[in-house]
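Architecture and fold: a report
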Amino acid sequence: MTGEHGGRHEGRGGGRAPRSAGAVRLDQPSISVRSLMADEALGIELTLLAGAAGLDRLVMNPRIQKSGLALVGHFHGIVPTRVQILGQTELSFLHKLSREDRLLSLRGFFGLGLSCLILTQGDQPLEASAPGAGAVPVPELAQCAEETGTPLLVSAVRSSATITALHALLDDRLAPRLRLHGVLVDVFGVGLLLMGSSAIGKSECALDLVMRGHRLVADDAVECDYRPPGMIFGAPAELLRYHLEVRGLGILNVKDLFGVTSIRERKRIDVVVKLVEWSRETEYDRLGLDDRYHTILGVRIRELVIPVRPGRDMASILEVAARNELLRNAGFHAAREFFGNVEGELLRDRSQEESSVPPPVTLAEEPSPRGAAQPGALRAPRPAGGVEPHHPPSSAFRQPGERGHPPPDRPGSGFVATESSVSLPRPRRRG
């Protein structure tokens, strides 16, 4: 039904994932009708009316079925291993039928081999003037239940309350279960399932976390069960409860050593931490942008692959992993925010480069022989009379005492070309 794998998977309902080493599929859970009636966690009282011979029939589906169409001969979709319920509406419909029609309808319904049938508010008398206000079972119900050996139960509360109580109990008793090899610890309220090969250091990490004030849930064997809507809870095996195995020390009772605050009976699995031996040839995740998932009982749980090597403080790393998971659940993703800021800065610099236009620049050139034409050289227009204009030195080549002062106005001056700018010719004064 379910596979576990420490890689990336698509969503639920896709391909069947291979089962990882150490995963043991438990038998499909079930509960007998006798145990269902005697369970104190149910919260409501169920009274046997007929069909005592079938009290050992098994209920194997946690969902309740309330199908009135079965009373008119439409049996499509009826699951016999579910608990069947007939409420006030269905009982009032049966009451209006003739005896022959009731027997025909009920014998076909009970002939499906139902686990049990529960009537709700069956201790109130039926009033013909107010159908549906309350009903006792019609005689044909008990007759058909005895004929087929189907337990017929009566609940004194309404259908909604009965269904709620049954769902709460059956979700726990009939939850899909799986046994995994690993260590489950509660760190800052985050359930960390430590997995890895034998002797990798899972129990030692759990012991260090317990000494830091965190709580141990299970060591070596973790009993996993599914809870709707898409949650996986872990609990210890009964014989291994409160115990931790540390090589060199043996079996330790964590509850006796550190008190009741160091253990927890069950915890939801939030993150799967896969411990692997560190290797130079292996590339580990250093950015944290892509998420890996581990599938347990059809539910994808985020997975972290952490290399183990001498000198690494694994307890501190696991604490930081738990804190980071709390931030992610609150909507803060450090790696994605960091790369978002980096991309925004790069885009901002690129837009500035594309929008800016550099100013015109004229480079100074070496003096050329008189009369020789240089390509691209800037020359002042020759005034009438053939007299060359006088060009004052540029500010870049002035003497230190002359810098910062404009050149004196001289008649016939044209414009001054410097390395970084081109001056327009100054207009001459008239008069």
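Quick notes on the rules
- Residues numbered from 1 in each chain as written.
- Predicted model: local features only at pLDDT ≥ 70, side-chain atom pairs only at ≥ 80, totals over all residues.
- Heavy atoms only, no water.
- Salt bridge = Lys/Arg side-chain N within 4 Å of Asp/Glu carboxyl O.
- Buried < 20%, exposed > 50% of the residue type's maximum accessible area, 1.4 Å probe, protein only.
- Helix = DSSP H or I, 4+ residues; strand = E, 2+ residues; numbered from the N terminus.
- Expected span 1.5 Å × (residues − 1).
- Contact = heavy atoms within 4.5 Å.
- Core = buried A, V, L, I, M, F, W, Y, C linked by side-chain atoms within 4.5 Å.
- pLDDT = per-residue confidence, 0-100.
- Axes fitted to C-alpha atoms, helices over the stretch in contact; angles between N-to-C directions.
- Parallel < 35°, antiparallel > 145°, perpendicular 65-115°, else oblique.
- Nonpolar A, V, L, I, M, F, W, Y, C, P; charged D, E, K, R; others polar.
- Left-handed = near helix turned anticlockwise from the far one by under 90°.
- Pairing = 2+ DSSP bridges.
- Arc of directions from axis to C-beta.
- Phe/Tyr/Trp six-rings, centres within 6.5 Å; stacked < 30°, edge-to-face > 60°.

Within this structure, the stated rule accounts for 26 salt bridges. Arg241 is the salt-bridge partner of Glu238, the closest N and O atoms lying 2.8 Å from each other. Overall, Glu238 belongs to the exposed group, its relative accessible area being 61%. Its salt-bridge partner being Asp270, residue Arg268 comes within 3.6 Å of it at the nearest N-O pair.

A few words now on helix α8 (residues 314–329). Along its 16 residues, α8 runs 23 Å from first to last C-alpha, staying within 8% of the 22 Å computed at 1.5 Å per residue. Those residues of α8 lying buried are Met314, Ala315, Leu318, Glu319, Ala321, Ala322, Glu325 and Arg328. Contacts from the buried residues of α8 go to β9 (177–187), β10 (190–196), α6 (202–211), β16 (271–277) and β18 (299–308). Count one or two residues on from α8 and you reach Gly331, which has phi positive near 100 degrees.

Structurally, Ile85 can be placed in strand β6 (residues 83–86). On the basis of relative accessibility, which here comes to 1%, the residue Ile85 falls in the buried class. Along the backbone, Ile85 and Gln65 are 20 residues apart, and their C-alpha atoms lie at a distance of 6.4 Å. The contacts of Ile85, once residues within four sequence positions are left out, are Ile64, Gln65, Lys66, Leu117, Ile118, Thr120, Ser159, Thr162, Ile163 and Leu166.

By size, the foremost hydrophobic cluster in this structure holds 26 residues, and its most contacted members are Val185, Leu192, Leu216, Val273 and Leu318. For this core, the secondary structure elements donating two or more residues are β9, β10, α6, β13 (243–246), β16 and α8. Broken down by element, the residue count for this core peaks at five residues, all from α6.

Per-residue confidence for the protein chain gives a mean pLDDT of 80, with 72% of residues at or over 70. Within the protein chain, the element-level pLDDT minimum falls on strand β1 (residues 24–25), averaging 66, and the maximum on strand β15 (residues 267–268), averaging 97. With pLDDT under 50 throughout, residues 1–20 is counted as low confidence; its partners more than four residues away or in other chains account for 49 contacts. The low-confidence segment residues 419–423, where pLDDT is below 50, has 12 contacts with residues more than four positions distant or belonging to other chains.

Here Pro228 and Pro229 are connected by a cis peptide whose omega angle stands at 0 degrees. Turning to its location among the elements, Pro229 is positioned in the loop between β11 (215–227) and β12 (231–236). Of note, Tyr242 is a non-glycine position whose phi angle comes to about 75 degrees, a positive value. For Tyr242, the position within the fold is in the loop between β12 and β13.

With that settled, the discussion passes to the packing of α6 against α8. Helices that pack against each other are described as a pair by the angle of their axes relative to one another and the distance between those axes. For the pair α6 and α8, interaxial distance at closest approach is 9 Å and the crossing angle is 70 degrees. For the element pair α6 / α8, the angle class is roughly perpendicular. Here α6 contributes Cys205, Asp208 and Leu209 to the contact with α8, which in turn contributes Met314, Ala315, Leu318 and Glu319. Of the residues assigned to the contact of α6 with α8, the class counts are five nonpolar, no polar and two charged.

Next up on the list: the packing of helix α3 (residues 99–110) against helix α4 (residues 139–148). At a closest axis distance of 10 Å, the pairing of α3 and α4 adopts a crossing angle of 35 degrees. In this structure, α3 meets α4 at a crossing whose hand is right-handed. Along its contact with α3, which presents Arg99, Arg102, Leu103, Leu106, Arg107 and Phe110, the element α4 presents Glu140, Leu141, Gln143, Cys144, Ala145, Glu147 and Thr148. For the contact of α3 with α4, the residue count by class is six nonpolar, two polar and five charged.

Here we take up the pairing of β16. For a regular strand, side-chain orientation follows a simple rule: the groups alternate between the two sheet faces. Here β10 runs beside β16; their pairing, made up of five bridges, is parallel. Paired with Leu194 across the bridge in β16 is Val273. For β16 and β18, the ladder comprises seven bridges, and the chain directions are parallel. Bridge pairing links Val271 to Arg302 in β18.

It is worth spelling out α4 at this point. Here α4 has its buried residues at Glu140, Leu141, Cys144 and Ala145. Projected onto a plane normal to the axis of α4, the buried residues spread over an arc of 135 degrees and lie on a single side. Residues of α4 that are buried sit in contact with β3 (46–50), β6, α2 (88–96), α3, β7 (116–120) and β8 (152–155). Positive backbone phi, approximately 70 degrees, marks Gly149, located one or two places after α4.

In this section: the packing of aromatic side chains. Considering all chains together, one arrives at two aromatic pairs under this definition. Considering the side-chain rings of Phe109 and Phe110, the 6.1 Å spacing of their centres and the 65 degrees angle between planes classify their relative orientation as edge-to-face. Under the relative-accessibility criterion, Phe109 is labelled buried at 1%. By relative accessible area, Phe110 is classed as buried at 1%.

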